Amino acid sequence: DGGITQSPKYLFRKEGQNVTLSCEQNLNHDAMYWYRQDPGQGLRLIYYSQIVNDFQKGDIAEGYSVSREKKESFPLTVTSAQKNPTAFYLCASSPLNPGTEDGYTFGSGTRLTVV
Amino acid sequence: AQSVSQHNHHVILSEAASLELGCNYSYGGTVNLFWYVQYPGQHLQLLLKYFSGDPLVKGIKGFEAEFIKSKFSFNLRKPSVQWSDTAEYFCAVKSGGSYIPTFGRGTSLIVHP
């Protein structure tokens, strides 16, 4: 079945450590996204990418970094510079053509807790 | 930049009650509109979408939404909710030639049996 796989589901990190969240898709989608979900704030865009080796900052990119070395993969690194990293992180993908009938496919998320 | 407003942050209903969740957006051009649902412990799923044509869109599980261009709105409705509709609902808008959606803050719906 096609879909998006995020791992791990739960992640604990000590303050001052970097941590990388995995996102893999087998939908052959060009665009991939990372969102952060906090209670009452909805989904806020961290980074997005429309093509391999290219990505753009979203609304809350500070303290995060990404890479897009393969079309299928879009890992997110939460660095020690992120002041409030405890959150639920969602990865999504979509076709690039705005006229597509498809929506956005989401992964099941990673809950990161800084201890 | 476009914005999406969901007016109801928390809604509590009894089973069989009717539901309407508001969604307004700020972009004045061509838009694609979506409603997503997130059931407890599950990932976001597409409920319904509007790209063009009939402004009354029917989705899964008896949900529907109406696109009213003059009001910049895309409200979600269901005539009779069930306990299993308890979830968080997100409205999203994609404008013009962009492929990036903007999401609203979400509405938490609790349905009492």
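The structure we're discussing is the one just above.
Because the structure is a prediction, the values reported are computed rather than measured.

Quick word on the overall build of chain B
Right, on to step 1. Helix and strand content of chain B: zero helices and 12 strands.
Right, on to step 2. For a compact globule of 113 residues, the expected C-alpha radius of gyration is about 13 Å, and chain B comes in at 13 Å, within 12% of that figure.
Right, on to step 3. With the C-alpha coordinates aligned to their principal axes, the bounding extent of chain B is approximately 45 × 25 × 20 Å.
Right, on to step 4. Residue burial in chain B is summarised as follows: out of 113 residues, 47% are buried.
Right, on to step 5. Long-range pairs, those at least 24 residues apart, make up 54% of the contacts in chain B between residues at least 6 apart in sequence.
Right, on to step 6. Split by element, the accessible area of chain B, about 5,300 Å² in all, is 52% carbon and sulfur.
Right, on to step 7. Averaging the coordinates of the 9 positive side-chain charges in chain B and doing the same for the 7 negative ones gives two points 7 Å apart.

Concerning the nonpolar core
Residues and elements named next belong to chain B.
Right, on to step 1. In terms of nonpolar packing, the biggest core is built from 28 residues, with W35, L48, F74, L76 and Y89 touching the most fellow members.
Right, on to step 2. Counting only elements with at least two residues in this core, the list comes to β2 (10–14), β3 (19–21), β5 (31–38), β6 (45–50), β8 (64–68), β9 (73–78), β10 (87–95) and β12 (107–112).
Right, on to step 3. Beyond its immediate chain neighbours, meaning those up to four positions away, L76 contacts L19, E20, L21, W35, L47, L48, F63, E64, A65 and Y89.

Section: unusual backbone geometry
A negative phi holds for most residues other than glycine; trans holds for most peptide bonds.
Right, on to step 1. A cis geometry characterises the amide bond from S7(A) onward to P8(A), with omega recorded as -10 degrees.
Right, on to step 2. Although it is not a glycine, K61(B) adopts a positive phi angle of roughly 60 degrees.
Right, on to step 3. Here K61(B) is to be found in the loop between β7 (56–58) and β8.

Describing the state of the cysteines
Right, on to step 1. Going through the model one piece at a time under the given rule, you end up with two disulfides over all chains.
Right, on to step 2. The disulfide that involves C23(A) links it to C91(A), with 1.9 Å between the sulfurs. Between C23(A) and C91(A), the disulfide has an S-S torsion of -75 degrees and is therefore left-handed. Residue C23(A) is found in strand β3 (residues 19–25), and its partner C91(A) is found in strand β9 (residues 87–94); the two are separated by 68 residues along the sequence. A single burial state applies to C23(A) and to C91(A), both of which are buried.
Right, on to step 3. Residue pairing for C23(B): its cysteine sulfur links by disulfide to C91(B), the two sulfurs lying 1.9 Å apart. Its S-S torsion of about -65 degrees marks the bond between C23(B) and C91(B) as left-handed, since a negative value means left-handed. Residue C23(B) is located in the loop between β3 and β4 (24–25), and its partner C91(B) is located in strand β10; the two are separated by 68 residues in the primary sequence. A single burial state applies to C23(B) and to C91(B), both of which are buried.

Some details on the pattern of salt bridges
Two side chains carrying opposite charge are able to pair once their charged atoms lie near each other.
Right, on to step 1. Overall, the coordinates contain seven salt bridges over all chains when judged by the stated rule.
Right, on to step 2. Here D30(A) ties to K71(A) by a salt bridge, and the two come within 3.4 Å at their closest N and O atoms. A residue pair is termed long-range when its members are at least 10 positions apart, and D30(A) in the loop between β3 and β4 (31–38) and K71(A) in the loop between β7 (64–66) and β8 (76–78) qualify at 41 residues.
Right, on to step 3. Judged by relative accessible area, D30(A) falls into the partly exposed class, the value being 31%.
Right, on to step 4. The class for K71(A) is partly exposed, based on a relative accessible area of 23%.
Right, on to step 5. For the salt bridge of R77(B) with E66(B), the shortest nitrogen-to-oxygen distance reads 3.3 Å. Taken together, the residues R77(B) in strand β9 and E66(B) in strand β8 connect sequence positions 11 residues apart.

Points about the pairing of β9(B)
Residue and element names in this part refer to chain B.
Right, on to step 1. For β9, the tally of buried residues reaches five of six residues, placing the bulk of the element in the interior.
Right, on to step 2. The sheet contact formed by β3 and β9 spans three bridges and is antiparallel. Paired with L19 across the bridge in β9 is K78.
Right, on to step 3. Two elements, β8 and β9, share five bridges in a ladder whose sense is antiparallel. Paired with E64 across the bridge in β9 is R77.

So, how was this worked out
- Residues numbered from 1 in each chain as written.
- Chains lettered and ligands numbered in written order.
- Predicted model: local features only at pLDDT ≥ 70, side-chain atom pairs only at ≥ 80, totals over all residues.
- Heavy atoms only, no water.
- Helix = DSSP H or I, 4+ residues; strand = E, 2+ residues; numbered from the N terminus.
- Rg over C-alpha atoms; globule rule 2.2 N^0.38 Å.
- Buried < 20%, exposed > 50% of the residue type's maximum accessible area, 1.4 Å probe, protein only.
- Contact = heavy atoms within 4.5 Å.
- Areas by Shrake-Rupley, 256 points an atom, 1.4 Å probe, with all protein chains shown as cover.
- Lys, Arg positive; Asp, Glu negative; His and termini not counted.
- Charge placed at Lys NZ, Arg CZ, Asp CG, Glu CD.
- Core = buried A, V, L, I, M, F, W, Y, C linked by side-chain atoms within 4.5 Å.
- Disulfide = S-S within 2.5 Å.
- Salt bridge = Lys/Arg side-chain N within 4 Å of Asp/Glu carboxyl O.
- Pairing = 2+ DSSP bridges.

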